[in-house]
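Understanding the architecture of this molecule
For reference, the chains in residue letters:
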Amino acid sequence: MKITSNSPEATGGLAAFLAGKLQPGDVLTLEGDLGAGKTTFTKALGAALGVTKTINSPTFTIIKEYAGDLPFYHMDAYRLEDTEEDLGFEEYFFGSGVTVVEWASYIEDFLPEERLDIRVSFEGEDARSFFFTPRSSHFETICEEITNEYISD
Ligand SMILES: Nc1ncnc2c1ncn2[C@@H]1O[C@H](COP(=O)(O)OP(=O)(O)OP(=O)(O)O)[C@@H](O)[C@H]1O
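Calculation criteria
- Residues numbered from 1 in each chain as written.
- Predicted model: local features only at pLDDT ≥ 70, side-chain atom pairs only at ≥ 80, totals over all residues.
- Heavy atoms only, no water.
- Near = heavy atom within 4 Å.
- Polar contact = N/O pair within 3.5 Å; in protein donor to acceptor, adjacent residues only side chain to side chain.
- Areas by Shrake-Rupley, 256 points an atom, 1.4 Å probe, with all protein chains shown as cover.
- Helix = DSSP H or I, 4+ residues; strand = E, 2+ residues; numbered from the N terminus.
- Expected span 1.5 Å × (residues − 1).
- Buried < 20%, exposed > 50% of the residue type's maximum accessible area, 1.4 Å probe, protein only.
- Arc of directions from axis to C-beta.
- Contact = heavy atoms within 4.5 Å.
- Phe/Tyr/Trp six-rings, centres within 6.5 Å; stacked < 30°, edge-to-face > 60°.
- Lys, Arg positive; Asp, Glu negative; His and termini not counted.
- Salt bridge = Lys/Arg side-chain N within 4 Å of Asp/Glu carboxyl O.

**Let's talk about the site of the ligand**
- Close to the ligand lie 16 residues, the nearest being T11, G35, K38, T39 and T40.
- G35 has a polar backbone atom sitting 2.8 Å from an oxygen atom of the ligand.
- A distance of 2.9 Å is found between an oxygen atom of the ligand and a backbone nitrogen or oxygen belonging to G37.
- Contact with the protein chains hides 71% of the accessible area of the ligand, taken as 640 Å² for the molecule alone.

Take a look at the structure:
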């Protein structure tokens, strides 16, 4: 399923709409090229989940935890490339918060099967495409709701 965004604000609105549908224990993976809009999307998602602190890229910390209406975990697996060491991922993935994982393919063996995969691609100066791949019935329902909200006809 593909949604087009024509501005950072539109990306924020899409992230906020998704945030409103999420439940404790939900895991999202987010991939896209440099400058595609992953951070823009994640900041808006976190804000909509009630996080008031500034959300920055967690590259040097692997995971950042934020308090919101429910816990929000922002993970960047870049420095874990093909690790076989379990750093306690389950506490996040099967916990009471929402987790966003960047560079998720690097920790593929530890990812929960039930998740929402999101890919952002650069289409032009302010244009971005968001591709959503739901990997559970819960996320299929959410994707249908996003489609109904964003795709008319
Ligand atoms: N439709 C759009 N959606 C998101 N960002 C957009 C859009 N149009 C323009 N932008 C701009 O593109 C940039 C996206 O940067 P952002 O840091 O979110 O990307 P990123 O994918 O996290 O990159 P990096 O991997 O380098 O951290 C921002 O400067 C943002 O204002």
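Structure's up, so let's keep going.
**Section: helix α4 (residues 137–150)**
- Its 14 residues place the ends of α4 20 Å apart at the C-alpha level, agreeing with the 20 Å of an ideal helix rising 1.5 Å per residue.
- Residues F139, I142, C143 and I146 constitute the buried set of α4. Down the axis of α4, the sector holding all buried residues measures 100°, keeping them to one side. Facing away from the buried surface of α4 by more than 90 degrees, the exposed residues are S137, E144 and N148.
- Buried residues in α4 make contact with β1 (2–5), α1 (8–19), β2 (27–32), β6 (116–122) and β7 (128–134).

**Observations concerning the packing of aromatic side chains**
- Per the counting criterion, the structure on display carries 9 aromatic pairs.
- Both rings, one in F89 and one in F93, keep their centres 5.9 Å apart while their planes meet at 10°; by these two values the pair is stacked. Taken together, the positions of F89 and F93, both in helix α3 (residues 89–93) and 4 residues apart, correspond to about one turn of that helix. Residues F89 and F93 agree in their burial class; the two are buried.

**Considering the side chain of D76**
- Turning to its location among the elements, D76 is positioned in strand β4 (residues 72–76).
- Of the buried charged residues, D76 lacks a salt bridge, with R79 as the closest side chain of opposite charge at 7.5 Å.
- A polar atom in the side chain of D76 sits 2.9 Å from the backbone nitrogen of Y78.

**Some remarks on the environment of E145**
- With respect to the helices, strands and loops of the structure, E145 is situated in helix α4.
- Using a relative accessible area of 31% as the deciding quantity, one classes E145 as partly exposed.
- Remark: the alpha-carbon pair of E145 and E114, spanning 31 residues in sequence, is separated by 18 Å.
- Beyond its immediate chain neighbours, meaning those up to four positions away, E145 contacts F17 and K21.

**Regarding the side chain of K38**
- When you line up the elements, K38 lands in helix α2 (residues 38–48).
- Here K38 is buried and forms no salt bridge, its nearest opposite-charge partner E102 lying at an N-O distance of 4.8 Å.
- Polar side-chain contacts of K38 include one of 3.1 Å to the backbone oxygen of D33.
- Those residues in contact with K38 that sit more than four places away from it in its chain are L30, E31, G32, D33, E102 and V120.

Geometric values such as these leave the question of function open.
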